[in-house]
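Residue-level structure breakdown
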Amino acid sequence: MFNWLSLVAGICYVVLGIVMMVYKFLEPIYAYSLGAVLILYGIFRIWRAIAKFRNTDEDEV
């Protein structure tokens, strides 16, 4: 269950980063910086969730 939640959270971070960059709720430099950080963190969360999925599958075999 935690793996799925981590995957969904990663996707939400990537989407939030894109929204931050497109709509620029802050000054442009801050919007792009925060958007980039959110996208990178989202990719990290997705990568970690996929790695856990693979480890879980290997442990079961």
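As the structure is a computational prediction, the values presented were derived from the model and not from experiment. (Residues numbered from 1 in each chain as written. Predicted model: local features only at pLDDT ≥ 70, side-chain atom pairs only at ≥ 80, totals over all residues. Heavy atoms only, no water.)

1. So, helix 1 (residues 2–23)
Its 22 residues give helix 1 an end-to-end C-alpha distance of 31 Å, which sits within 8% of 32 Å, the value for a rise of 1.5 Å per residue. Within helix 1, the full set of buried residues consists of N3, S6, L7, A9, G10, V14, G17 and M20. All buried residues of helix 1 project into a common sector of 165° when viewed along the axis, lining one side. Those residues of helix 1 that are exposed and aimed more than 90 degrees away from the buried face are W4, L5, V22 and Y23. Just downstream of helix 1, K24 is the residue with a positive phi angle, here 50°. (Helix = DSSP H or I, 4+ residues; strand = E, 2+ residues; numbered from the N terminus. Expected span 1.5 Å × (residues − 1). Buried < 20%, exposed > 50% of the residue type's maximum accessible area, 1.4 Å probe, protein only. Arc of directions from axis to C-beta.)

2. Observations concerning the UniProt feature "transmembrane region" (unreviewed entry) in the protein
UniProt feature "transmembrane region" (unreviewed entry): in the numbering of this structure it lies at residues 5–23 and 29–47. End-to-end, the C-alpha atoms of residues 5–23 are 26 Å apart, and along that stretch the chain is 100% helix and 0% strand. From the first C-alpha to the last, residues 29–47 spans 27 Å; its make-up is 100% helix and 0% strand. (UniProt positions renumbered as here; feature names shortened; annotations may be inferred.)

3. A word on unusual backbone geometry
Positive phi is not limited to glycine here, since K24 has a value of about 50°. Among the residues examined, K24 registers a relative accessible area of 33% and is labelled partly exposed.

4. Section: the environment of A49
Mapped onto the elements of the fold, A49 is located in helix 2 (residues 28–60). Classification of A49 as buried rests on a relative accessible area of 1%. A C-alpha to C-alpha distance of 29 Å links A49 and F25, two positions 24 residues apart in sequence. In this structure A49 touches N3, S6 and L7, once residues within four positions along its chain are discounted. (Contact = heavy atoms within 4.5 Å.)

5. Brief notes about a nonpolar patch on the surface
Nonpolar side chains collect at one region of the surface, where I18, V22, Y23, F25, L26, I29, Y30 and L34 lie side by side and expose about 880 Å² of accessible area between them. Elements with a minimum of two residues in the nonpolar patch: helix 1 and helix 2. Looking at where Y23 falls in the secondary structure, it is placed in helix 1. (Patch = residues over 30% accessible without salt bridge, like charges linked within 9 Å, V, L, I, M, F, W, Y side chains within 5 Å. Areas by Shrake-Rupley, 256 points an atom, 1.4 Å probe, with all protein chains shown as cover. Salt bridge = Lys/Arg side-chain N within 4 Å of Asp/Glu carboxyl O.)

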